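Structural overview
Here is what each chain is made of, one letter per residue.
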Amino acid sequence: MHWLTTYNHEGGIPLADIPEVSYPEFHGSVCARLGDSSCHIADYFAVEQDGGLRFFCLLADDRAGSVDITSFRYGYYDDDPLPSVTALRPQAHPFERQIAERYGIKFEDNPWDKPLRYPFDRFNKETSIDGYPFYTIEGDALHEVNVGPIHAGIIEPGAFRFICNGEKVLHLEISLGYQHRGILNLITSTPNRLRQTVLAESIAGDTAVGHSTAYVTAIEKLYGQPSPADLLAYERAVALELERIAMHIADTGALCMDIGYQLGQVACEALRTVVINTMLCWCGNRFGKGLVRPSGTRYPLTPETAAMIRTNLAEVVRRYTEVREDLKSAPSLLARFEDCGVVGREQMVTIGAVGMAARASALVRDIRATHPWGPWREVPFAAENKRQGDVMARLMLRGREIFASARYITVLLDQLEQTGYTDRRPCYDIALRPRTLAYSLIEGWRGEICHCAVTDSRGNLAAFQVTDPSVHNWLALALAVRGEGISDFPINNKSFNLSYCGHDL
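Residues numbered from 1 in each chain as written. Predicted model: local features only at pLDDT ≥ 70, side-chain atom pairs only at ≥ 80, totals over all residues. Heavy atoms only, no water.

1. Looking at the pairing of strand β11 (residues 436-443)
Within β11, eight of the eight residues are buried, which leaves the element mostly enclosed by the surrounding structure. The side-chain alternation of β11 yields two buried faces, one formed by T436, A438, S440 and I442 and the other by L437, Y439, L441 and E443. Where strand β2 (residues 13-14) meets β11, two bridges bridge the pair, whose relative direction is antiparallel. When the sheet's bridge partners are listed, I13 is paired in β11 with L437. Between the end of β11 and the start of strand β12 (residues 448-455), which pair antiparallel, lie four residues, with G447 showing a positive phi angle near 145 degrees. (Buried < 20%, exposed > 50% of the residue type's maximum accessible area, 1.4 Å probe, protein only. Helix = DSSP H or I, 4+ residues; strand = E, 2+ residues; numbered from the N terminus. Pairing = 2+ DSSP bridges.)

Spelled out as structure tokens, the structure:
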């Protein structure tokens, strides 16, 4: 079996250099490699090419620090079912489900043969999300509870179907796709690079910096030029860590709110405001929109902005330290969070979990450590992790990462002060290399963000694929509530805080 070994910091890859294998070879090799906990699927998708479909699989090897790529072809008139990878390696399920509903490919023995998103351009338009085939269990003592798709809060729509025995949850199935926006089609249907960037940073509003950084990094690799100056990469890393701090503080407050611990809630709301207002002073938007652009930025860091970031972060860390100590000693909080919603490391390996959720269960996956880019190739980095895998572990890990991000921002700013700040302005009109694949892996605050672009013979985007960390992790939430009381679903849901729109695209 042939794989092309690549690294996250490298440039675009000519399509001719990517091996093509038969599907039996592909199936056997992928299933074998996913048996190693250091490997997981970063992306797996199909592109219309040369009168058929060409499938690309990107396998992230955390131990080797590489991303191995291979491909296979499937003709439009081929109708033989393909053996399912999901049947042996469940982490493949969102990718096979996406391919099946988009192109009508049938995967034999797939235990979860259900649509993933119900996109507007799905192969079978007769299907509707209103008829989603929820799993059922027969039993006189059992009952079903449906939550959503419309929620009382301001979250995106999604349906949660619980099968319960009394108050105990036996099974939860999550159905998303109620607000599919066709954002990938919008990106590929316009040559306007600025519009593409704006679309990318709108994939998930709470991860504007993460998704825009992933997009522009992939596009810059298609420019056929050297990577942007280290100064620009350092500034993007500062913004990513600020976003991480803001969202981890917000989640801390949300968890406090769900158990009525008002002191923790209001304290975190105030601290999050300090962080996002720091971003506002930097680029004019509290969520970092407009900051990250291809090959440059309209809002370069200045000594004054860097000094403001240092001052504000020092105050945030001081005050959050006090909040965290209170949380660790609050009996009402400990009683609800400890040993609740446990997901073990092996379960996380099986479903291909990533990011903070995986690290709370001792599965250490962090792009900054395993597949570094930009400053993370030079700045010493150690991923934070916990082993308990419960709600409390996911809360405490957030605190650790807040403190770690503040330290890393200081290191990044120190380096920028020594070398100077960037003055590069964005560039939107550089031609893309034809017949090339480029990917970028970025560690967003939820976890691994993967953007993958493929160009055609004219250098236009033939496909653009996005995998938000939530795509990997929704199944972890379903596992977390098994055996728990249904009243503990809200705190488990908040402890993961996965993205509906990041999934629905």
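Now that the structure is up, let's keep going.
2. Considering the sheet that holds β2
Note on sheets: strands pair through backbone hydrogen bonds, and any given pair is parallel or antiparallel. With respect to topology, four strands assemble into an open sheet ordered β2-β11-β12-β13, the strand pairing being antiparallel. Each edge of the open sheet is held by one strand with a lone partner, namely β2 and β13 (461-467). Here β12 pairs with β13 via six bridges, running antiparallel. Each residue of the ladder has a partner; that of H451, found in β13, is V466.

3. Details of the packing of aromatic side chains
With the rule as written, the count across this model stands at 18 aromatic pairs. Pairing F160 with Y500 gives two aromatic rings, centres 6.3 Å apart and planes at 80 degrees, and the pair type is edge-to-face. With F160 in strand β9 (residues 159-165) and Y500 in helix α16 (residues 500-504), the pair connects residues that are 340 residues apart, well separated along the chain. Exposure class is identical for F160 and Y500. Each is buried. Residues F162 and F489 carry aromatic rings whose centres are separated by 5.0 Å and whose planes lie at 80 degrees to one another, so their mutual orientation is edge-to-face. In this pair, F162 is assigned in strand β9 and F489 in helix α15 (residues 489-496), connecting sequence segments 327 residues apart. Taken individually, F162 and F489 each receive the classification buried, so the pair is uniform in this respect. In textbook terms, an aromatic cluster arises when at least three aromatic residues are bridged by ring pairs, as seen for Y23, F26, Y44, F55, F72 and Y74. Across the ring face of W112, the terminal group of R97 is positioned such that the distance to the ring centre comes to 4.6 Å. Positioned above the aromatic ring of F134, the side-chain terminus of R161 is 4.1 Å from the ring centre. (Phe/Tyr/Trp six-rings, centres within 6.5 Å; stacked < 30°, edge-to-face > 60°. Lys NZ or Arg CZ within 6 Å of the ring centre and 35° of its normal.)

4. What about the sheet that holds strand β8 (residues 142-147)?
The three strands lie next to each other as β8-β9-β10, forming an open sheet whose pairing is antiparallel. Single-partner strands in this sheet number two, and they are β8 and β10 (168-175). On average, each strand axis in the sheet is tilted by 20 degrees relative to the strand beside it, whichever way the strands run. Sheet topology note: the β8/β9 ladder contains six bridges and is antiparallel. Residue pairing for β9: L142 is matched across the bridge by N165. Each of β9 and β10 touches helix α14 (residues 469-480); the most contacted strand, β10, lies at about 160 degrees to it. (Axes fitted to C-alpha atoms, helices over the stretch in contact; angles between N-to-C directions. Contact = heavy atoms within 4.5 Å.)

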